Amino acid sequence: MLGGSLQSRVIKSQTLPLSSILRPIPPVLDARKIDSMAQTLKNETPDFIPSPAPESIIPGQLPPVDVLHYRSSTGKDFYFAFGGCHRMQAYEKAQVEGVNCKVLRVTKPMLKVYLGGSVGAIVGD
């Protein structure tokens, strides 16, 4: 199985609560892919294997989602997922609260690359 993106390949996976991860960009989703991943999370045999097929399927697990972590000047933590949309929806559909993640710390200017001028409205600094 791939160990994450180029940026996160060397970062150890950790679990974050699904409810703590913000997804500010609306995804375009394939329902069959989400159903397949939700079945995998529930240790069921998937009805559908997406193409390209994953290198390996481990029942109850999905590859980690890259999550950006920003800590505001007030100490509030913000977690953002800009990729992994199908995996995030699969966790939600399977009602699995703990998401397997690779967390990368970012600065406010780095977040601005993803969020543009709305970064201040979201993180408040």
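Residues numbered from 1 in each chain as written. Predicted model: local features only at pLDDT ≥ 70, side-chain atom pairs only at ≥ 80, totals over all residues. Heavy atoms only, no water.

### Section: the overall build of the protein chain
And then number 1: Scanning the protein chain from N- to C-terminus turns up four helices and five strands.
And then number 2: Listing every helix and strand of the protein chain by position from the N terminus yields β-β-α-β-β-α-β-α-α.
And then number 3: Looking at the protein chain residue by residue over its 125 residues, the buried ones come to 34%.
And then number 4: Restricting to contacts in the protein chain with at least 6 residues of sequence separation, those with at least 24 account for 70%.
And then number 5: Summed over all atoms, the accessible surface of the protein chain reaches about 7,400 Å², with 55% contributed by carbon and sulfur. (Helix = DSSP H or I, 4+ residues; strand = E, 2+ residues; numbered from the N terminus. Buried < 20%, exposed > 50% of the residue type's maximum accessible area, 1.4 Å probe, protein only. Contact = heavy atoms within 4.5 Å. Areas by Shrake-Rupley, 256 points an atom, 1.4 Å probe, with all protein chains shown as cover.)

### Re the sheet that holds strand E2 (residues 21–22)
And then number 1: The strand order across the open sheet built from five strands is E1-E5-E3-E4-E2, with neighbouring strands paired in mixed fashion. At either margin of the open sheet sits one strand with a lone partner, and together these are strand E1 (14–17) and E2.
And then number 2: Of the pairings in the sheet, the one linking E2 to strand E4 (residues 77–80) comprises two bridges and is parallel in character. Across the sheet, residue Leu22 finds its bridge partner in E4, namely Phe80. (Pairing = 2+ DSSP bridges.)

### Points about the packing of aromatic side chains
And then number 1: Counted according to the given criterion, the structure contains three aromatic pairs.
And then number 2: On the basis of an interplanar angle of 10° and a centroid distance of 5.9 Å, the ring pair of Phe80 and Phe82 is categorised as stacked.
And then number 3: In this structure Phe80 comes out as buried when scored by relative accessible area, which is 1%.
And then number 4: A residue is classified by how much of its surface remains accessible, and Phe82, at 21% relative accessible area, is partly exposed.
And then number 5: Aromatic side chains Phe82 and Tyr114 sit 4.6 Å apart centroid to centroid with 15° between the ring planes, which places their arrangement in the stacked category. Of this pair, Phe82 sits in the loop between E4 and helix H2 (85–93) while Tyr114 sits in helix H3 (residues 108–115), placing them 32 residues apart in sequence.
And then number 6: Members of the aromatic cluster, connected to one another through ring pairs, are Phe78, Phe80, Phe82 and Tyr114. (Phe/Tyr/Trp six-rings, centres within 6.5 Å; stacked < 30°, edge-to-face > 60°.)

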